[in-house]
Amino acid sequence: MDEPESNNKATATTNITDKTVKFSHVTAVATGWMLDFSFVSLCRHFKEGEVDEFSETLSTFQAIAEGHSLKTDDGQKRMICAFLARIMHGKDLDVQFEEDDCVMPLMSAASIWPALRDTVADESLFENITNLLFVQSVAVCLEKGQRSMASSALKWFEKKLDFPQNLRVKLSTIVAQRDTYHQFLLSFSFSRLLETVRSYLDAYLEKNPSDYLLQAATEMVQSSQNMEAMGDVVTRDESLSETTNNSTEKDAKNKKSSTYVRAKRKLLSTKITDVWKPESCKKPRVVLNSQAISKSEIARLTFQQESPEKSLNTSKTKKPRRPPKKWTWQLDKNLKDGVKLHGVGKWSRILQDYDFEGRTGTMLKDRWRVLMKTYEVS
């Protein structure tokens with residue numbers, strides 16, 4: 001009789017607790033954990049260079065952030081996410097994050113970075129990333145054969161940001177010389193920028209851990225694995241004990257065990273995918289929305305959806321190619337520079353670094369043969 005009374009008291013206590021806690025407060029805490037989990041996942045995808053996964057997680061983070069009250073640390077995380085998105089698409093000159101079409105992703109990242117100064121413990125790391133953003137904003141344009149865009153970036157930096165004079169002069173000289181492979185640009189490479197940003201993320205996450213939900217999920221997985229291991233041990237022990245029985249009992253038990261295994265396999269092999277088979281459940285294309293950030297909005301990150309013609313489709317859908325035109329001097333130079341950098345036969349990699357106006361790798365190979373026959377290259 002004592003045990004039912006104890007259960008009733010426990011139930012009553014639970015009901016009282018539920019009434020004393022507002023569900024909105026519980027929701028706010030849970031949403032904060034989900035936001036933290038999305039942030040940590042986003043950082044991980046960035047460090048691994050997983051573009052599609054990064055874009056999917058960014059969409060999730062945006063959806064959660066829109067319904068979450070803004071706190072100081074959440075505001076920092078939103079800014080960091082916006083910064084990482086621009087770095088991730090740093091070499092995609094067609095991607096727009098600002099209302100001004102002339103502002104490329106790395107330029108936009110450079111405008112956000114000063115607002116994150118308080119999140120960087122090492123001042124030298126902050127200055128290093130700042131200089132890398134300046135240099136790579138220009139270097140990427142030169143790699144793509146867009147000298148005019150490189151010049152525009154220098155003017156924009158001089159007008160909008162605290163642009164060091166010596167760095168401006170150095171980059172202006174390189175742009176005037178069209179020296180894509182200048183040693184200065186190579187020493188401040190894009191890969192170095194990514195590596196330095198990863199170091200920044202590691203330091204930030206160490207100082208601002210956001211892994212409560214991640215740790216809880218990890219413990220749950222580990223616990224599940226331990227339970228499975230214990231189940232295997234129990235099964236082996238039971239099988240071992242059966243060997244001590246007489247042959248008749250053993251055959252009967254084996255027959256029963258075999259029947260159970262067959263039934264279990266049939267259950268596990270049932271295709272549950274049919275339940276989720278509507279055509280609408282095909283893998284959606286991930287669209288990275290534009291994020292227009294002005295100086296007045298720099299303190300709070302907003303996620304604004306861009307017009308359809310400017311939205312970025314980060315899936316593997318190819319952009320429509322423009323009809324090839326006559327090979328120009330600039331296109332030949334891009335081809336020669338690409339071969340010099342990557343080697344003969346690396347046409348797909350060369351296509352990623354330069355704009356060949358819709359041409360394919362086969363077209364590049366054919367043009368290279370023409371240049372060799374006319375002794376324009378050796």
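These notes cover the structure that comes with them. (Residues numbered from 1 in each chain as written. Predicted model: local features only at pLDDT ≥ 70, side-chain atom pairs only at ≥ 80, totals over all residues. Heavy atoms only, no water.)

### Some thoughts on empty space enclosed by the protein
Counted by the stated rule, this structure contains two cavities of 30 Å³ or more. Gly90, Leu93, Met104, Leu106, Met107, Gln136, Ser137 and Val140 together form the lining of the second largest cavity. Partitioning the lining of the second largest cavity into residue classes produces five nonpolar, three polar and no charged. (1 Å grid on protein atoms, 1.4 Å probe; cavity = no way out; pocket = protein on both sides within 12 Å on 5 of 7 lines; lining within 4 Å. Points joined across faces, edges and corners; volume = space filled by probe spheres on them. Nonpolar A, V, L, I, M, F, W, Y, C, P; charged D, E, K, R; others polar.)

### Quick notes on the pattern of salt bridges
This model, assessed by the stated rule, comprises nine salt bridges. Of the charged contacts, one joins lysine 77 and aspartate 36 as a salt bridge, the two residues approaching to 2.5 Å between their closest N and O atoms. Residue lysine 77 is found in helix α4 (residues 72-88), and its partner aspartate 36 is found in helix α2 (residues 23-48); the two are separated by 41 residues along the sequence. The residues lysine 77 and aspartate 36 share a single accessibility class, namely buried. In this structure, arginine 117 and glutamate 123 form a salt bridge, with 2.3 Å as the shortest nitrogen-oxygen distance. Judged by relative accessible area, arginine 117 falls into the partly exposed class, the value being 37%. Among the ionic contacts, a cluster of salt bridges with common partners joins Arg117, Glu123 and Glu127. (Salt bridge = Lys/Arg side-chain N within 4 Å of Asp/Glu carboxyl O. Helix = DSSP H or I, 4+ residues; strand = E, 2+ residues; numbered from the N terminus. Buried < 20%, exposed > 50% of the residue type's maximum accessible area, 1.4 Å probe, protein only.)

### Quick word on the nonpolar core
Counting 67 residues, the largest nonpolar core has Phe83, Leu133 and Tyr200 as its most contacted members. Top element by residues in this core is helix α6 (residues 123-143). It accounts for twelve residues. Not counting the four nearest positions on each side in its chain, tyrosine 200 is found in contact with Ile80, Trp113, Leu116, Thr119, Val120, Leu125 and Ile129. Within the second largest apolar cluster, twelve residues are counted, among which are Trp347, Leu364, Trp368 and Val377. (Core = buried A, V, L, I, M, F, W, Y, C linked by side-chain atoms within 4.5 Å. Contact = heavy atoms within 4.5 Å.)

### With respect to helix α10 (residues 190-207)
Helical geometry note: an α-helix holds 3.6 residues per turn, so side chains three or four residues apart project in the same direction. Its 18 residues give α10 an end-to-end C-alpha distance of 26 Å, which sits within 8% of 26 Å, the value for a rise of 1.5 Å per residue. Within α10, burial applies to Phe190, Leu193, Leu194, Thr196, Val197, Tyr200, Leu201, Tyr204 and Leu205. (Expected span 1.5 Å × (residues − 1).)

### Topic: unusual backbone geometry
Phi is positive for arginine 178, close to 55°, though the residue is something other than glycine. When you line up the elements, arginine 178 lands in the loop between α8 (165-177) and α9 (183-187). On the basis of relative accessible area, arginine 178 is assigned to the partly exposed category, the value being 39%. One non-glycine residue, glutamate 357, adopts positive backbone phi at about 55°. Counting through the fold element by element, glutamate 357 comes out in the loop between α14 (347-353) and α15 (361-373).

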